[in-house]
Amino acid sequence: MIRSASEMRAAARASLSGKWGGAVMVTLVYLAVMGVLPAGIDLKVYDGVGSIIQLLLMPLGWSMSVLFLDNLRSGDEYKVGQLFEGFRDYTRVAGTMILTGIYTFLWTLLLIVPGIIKSFSYAMTAFVLRDNPELKFNGAIEKSMKMMDGHKFDLFYLYLTFIGWGLLCILTLGIGLLWFVPYMQSALAHFYEDVKAEYEAAQAQGE
């Protein structure tokens, strides 16, 4: 049973309760690394070197997603060191996330809407990689697609409920991102837990 968007946001706030300081610090470091490093490159070479750096930092984005899943399960404090866990499994993580981006881009070339729909199908890939160390590349992507079958609109609606926070980030010149990112990522982790539970229950019934 997939919880409502309001229930997931409430669960996200509960997961972050008393731990906002660590979550904000992790987000600050993540945004600084992802923004400052490429921005510090000479604009004349940005397109080439900057793009390479973004690719090299791909596991950082993966870690930023799954650390909220890890912490809601464990109840532990958020630690900056968690951001670099993806580099321990660099090829599997980076390769899968790059492939996901390529597929999304190719679908977007057909039409914008199919690209958006596919992005929702692939949305659980990072979490699938965390819970299934034996899966990589197409295997992880395909499992995400199966888990999201019938739930793409649920995720779309969850995103819509964060529009107000997005506007707040604009009004605060980006400062609001320090709270918005943990809030949304935590809600997404709760969404995954629901989708995973439903998928596994369906699989068990089919056996």
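Provided above is the structure to which this section pertains.
Below is a summary of the structure that appears in this document. (Residues numbered from 1 in each chain as written. Predicted model: local features only at pLDDT ≥ 70, side-chain atom pairs only at ≥ 80, totals over all residues. Heavy atoms only, no water.)

Things to note about the nonpolar core
In terms of nonpolar packing, the biggest core is built from 45 residues, with M64, M124, L155 and F191 touching the most fellow members. Going through the elements one at a time, α1 (5–16), α2 (20–39), α4 (58–74), α5 (90–110), α7 (125–131), α8 (138–147), α9 (152–160) and α11 (177–206) are the ones with two or more residues in this core. Ranked by residue count, the leading element in this core is α11, at eleven residues. For L155, the contacting residues outside a window of four places in its chain are F120, A123, M124, M148, L188 and F191. (Core = buried A, V, L, I, M, F, W, Y, C linked by side-chain atoms within 4.5 Å. Buried < 20%, exposed > 50% of the residue type's maximum accessible area, 1.4 Å probe, protein only. Helix = DSSP H or I, 4+ residues; strand = E, 2+ residues; numbered from the N terminus. Contact = heavy atoms within 4.5 Å.)

Some thoughts on the pattern of salt bridges
Counted under the stated rule, the structure contains eight salt bridges. The shortest N-O distance in the salt bridge between R130 and D70 comes to 2.9 Å. Of this pair, R130 sits in helix α7 while D70 sits in helix α4, and the two are 60 residues apart along the sequence. Overall, D70 belongs to the buried group, its relative accessible area being 19%. With a shortest N-O distance of 2.9 Å, R73 and E193 are connected by a salt bridge. With R73 in helix α4 and E193 in helix α11, this pair connects stretches of sequence that are 120 residues apart. Several salt bridges share partner residues, and in doing so they unite R73, D131, E193, K196 and E200 into one network. (Salt bridge = Lys/Arg side-chain N within 4 Å of Asp/Glu carboxyl O.)

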